[in-house]
Amino acid sequence: MGEKPYVLPGHAILPEPLLLFGGSQTDTHPLRGLSNYGPYSAGLGFPSQVRLAYFAPVELMGKLDGIVSELESSATPREVTFPRKIVFQG
């Protein structure tokens, strides 16, 4: 211990954690890991498709349909300078 044990360091850099995906594969990037290996739960007997139901007033159903359709399409990040930003395939 140093001369002033009550003084904490200004910051610390932690490494990215390894995330576990399908086939016991690991990656540090969540979207890349899902795209390359699939979800961890794929081999656990869970359904492979998500079934979605929503309950809303008739006038809002079109808006909900639009939101859900966005989930099925790809999305490209506007700035690709940061290494965590990759294209989402939908």
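Since we're looking at a predicted model, the values are computed, not measured. (Residues numbered from 1 in each chain as written. Predicted model: local features only at pLDDT ≥ 70, side-chain atom pairs only at ≥ 80, totals over all residues. Heavy atoms only, no water.)

> Tell me about the overall build of the protein, and please be specific about residues and values.
A count of helical and extended segments in the protein gives 2 helices and 2 strands. Taken from N to C terminus, the helices and strands of the protein fall in the order β-β-α-α. Buried positions account for 7% of the 90 residues belonging to the protein. Contacts in the protein between residues at least 24 apart in sequence constitute 17% of all its contacts with a sequence separation of at least 6. For the protein, the exposed surface amounts to about 8300 Å²; the carbon and sulfur share of it is 60%. (Helix = DSSP H or I, 4+ residues; strand = E, 2+ residues; numbered from the N terminus. Buried < 20%, exposed > 50% of the residue type's maximum accessible area, 1.4 Å probe, protein only. Contact = heavy atoms within 4.5 Å. Areas by Shrake-Rupley, 256 points an atom, 1.4 Å probe, with all protein chains shown as cover.)

> Can you break down the environment of Phe21 residue by residue, with the values?
Of note, Phe21 is situated in the loop between strand 1 (19-20) and strand 2 (26-27). Judged by relative accessible area, which is 6%, Phe21 ranks as buried.

> Can you lay out unusual backbone geometry for me, pointing to particular residues and giving the numbers?
Peptide bonds are mostly trans, and most non-glycine residues show a negative phi. Even without being glycine, Ser24 reaches a positive phi, approximately 60°. Considering the arrangement of structural elements, one finds Ser24 in the loop between strand 1 and strand 2.

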